[in-house]
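Here is how the chains run, residue by residue.
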Amino acid sequence: MRKIIESTLISVDGVFAETDFSKFFAYQDKTYLRDGLGLLLSGEAILMGRSTYESWAKIWPGSPHPWAERLNTIPKYVFSSTLETAAWNNSTLVRGDVVAEVSRLKQQEGGNLLIFGHGLLGETLLKHHLLDGLDLSVHPLVLGHGRQFLREGLNTTLKFVAAKSFSTGIVTLTYELPSEGR
């Protein structure tokens, strides 16, 4: 069975979205980016929601960034009830029950499935105990506003696996989500 690993950037005060992301990028040096590329290369496909898909499909094609080649070629499963097409290279539009479709993908043979960011898709998978791993890259920022990662009604147990620190002040915390209760 495949595992689903989520990787999310987060500030010390728990903000991960609806904020100025350039503040996060200022802390990402070559060592941090190489570590993230390792995760990206370890996956067989990416799961993403509409918002991530739309923003990434504008950014990555033609980008000189070290991740661009992999992101442009890796299979992408895009979960949306509103998108008409998913034209970015190697993208498959997935409609219907997210929990059922992701459960089906997990049962298939193959490597890990990755999620970058924690939008509605990530929340749904966490709520329904479909995530197997969570990498939180805590950036040394206190933003004071934006969308919080830990939201009311979210309840799960995490098992600490590892911590990596980077010279820029980022600490990546890796957790497993225990299989019991799934």
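Each remark here, short or long, concerns the structure printed above.
**Structural notes on the side chain of S137**
Moving on, step 1. Mapped onto the elements, S137 comes out in strand β7 (residues 133-139).
Moving on, step 2. Residue classification places S137 among the buried residues on the basis of a relative accessible area of 4%.
Moving on, step 3. Engagement of the side chain of S137 in a polar contact is seen with the side chain of Y32, the distance being 3.0 Å.

**Regarding the pattern of salt bridges**
Moving on, step 1. Applying the stated criterion across every chain, the model contains six salt bridges.
Moving on, step 2. Close ionic contact of R2 with E44 constitutes a salt bridge, the shortest N to O distance being 2.6 Å. On the criterion of sequence distance, the pair formed by R2 in the segment before β1 (4-11) and E44 in strand β3 (residues 43-49) is long-range, its members being 42 residues apart.
Moving on, step 3. By relative accessible area, which is 4% here, R2 ends up buried.
Moving on, step 4. For E44, a relative accessible area of 33% corresponds to the partly exposed category.

**Thoughts on the pairing of strand β9 (residues 159-165)**
Moving on, step 1. Sheet topology places β9 next to strand β10 (residues 171-176); six bridges connect them, and they run antiparallel. The residue of β10 that forms the bridge with S165 is V171.
Moving on, step 2. Turn length for the β9-β10 hairpin, with the two strands adjacent in sequence and antiparallel, is five residues, and the turn residue G169 shows positive phi of about 105 degrees.

**Some details on the layout of surface pockets**
Moving on, step 1. Each pocket or cavity is described by its volume, and for the largest pocket that value is around 1400 Å³.
Moving on, step 2. Of all the elements, helix α3 (residues 50-59) adds the most residues to the lining of the largest pocket, at six residues.
Moving on, step 3. For the lining of the largest pocket, the per-class residue count stands at 22 nonpolar, 21 polar and six charged.

**Considerations on the packing of helix α5 (residues 98-107) against helix α6 (residues 120-127)**
Moving on, step 1. It is the contact of α5 with α6, at a shortest axis distance of 10 Å, that shows an interaxial angle of 75 degrees. It follows that α5 is roughly perpendicular to α6 by the angle criterion. Together, V98, V99 and V102 of α5 and L121, T124 and L125 of α6 make up the contact between the two elements.

**A short note on unusual backbone geometry**
Moving on, step 1. You will see that N90, though not glycine, has its phi angle at about 65 degrees, which is positive.
Moving on, step 2. For N90, the position within the fold is in the loop between β4 (76-79) and β5 (91-94).
Moving on, step 3. Located in the positive-phi region is H129, a residue other than glycine, with phi close to 60 degrees.
Moving on, step 4. Its place among the elements puts H129 in the loop between α6 and β7.

**Brief notes about the sheet that holds β4**
Moving on, step 1. Across the sheet, which stays open at both edges, the eight strands sit in the order β5-β4-β3-β6-β1-β7-β10-β9 with mixed pairing between neighbours. Each end of this open sheet is capped by a strand with a single partner; those strands are β5 and β9. Put simply, the sheet's adjacent strands are angled 25 degrees from each other on average, direction ignored.
Moving on, step 2. Across three bridges, β3 lies against strand β6 (residues 112-116) in parallel orientation. Across the sheet, I46 pairs through a bridge with L114, a residue of β6.
Moving on, step 3. Where helix α2 (residues 30-42) meets the sheet, its contacts fall on β1, β3, β6, β7, β9 and β10, and the angle it forms with β3 comes to roughly 100 degrees.
Moving on, step 4. Where α3 meets the sheet, it contacts β3, β4, β5 and β6, and its direction lies at approximately 110 degrees from that of β3.

About the cut-offs
Residues numbered from 1 in each chain as written. Predicted model: local features only at pLDDT ≥ 70, side-chain atom pairs only at ≥ 80, totals over all residues. Heavy atoms only, no water. Helix = DSSP H or I, 4+ residues; strand = E, 2+ residues; numbered from the N terminus. Buried < 20%, exposed > 50% of the residue type's maximum accessible area, 1.4 Å probe, protein only. Polar contact = N/O pair within 3.5 Å; in protein donor to acceptor, adjacent residues only side chain to side chain. Salt bridge = Lys/Arg side-chain N within 4 Å of Asp/Glu carboxyl O. Pairing = 2+ DSSP bridges. 1 Å grid on protein atoms, 1.4 Å probe; cavity = no way out; pocket = protein on both sides within 12 Å on 5 of 7 lines; lining within 4 Å. Points joined across faces, edges and corners; volume = space filled by probe spheres on them. Nonpolar A, V, L, I, M, F, W, Y, C, P; charged D, E, K, R; others polar. Axes fitted to C-alpha atoms, helices over the stretch in contact; angles between N-to-C directions. Parallel < 35°, antiparallel > 145°, perpendicular 65-115°, else oblique. Contact = heavy atoms within 4.5 Å.

These values are about where atoms sit, not about what they do.
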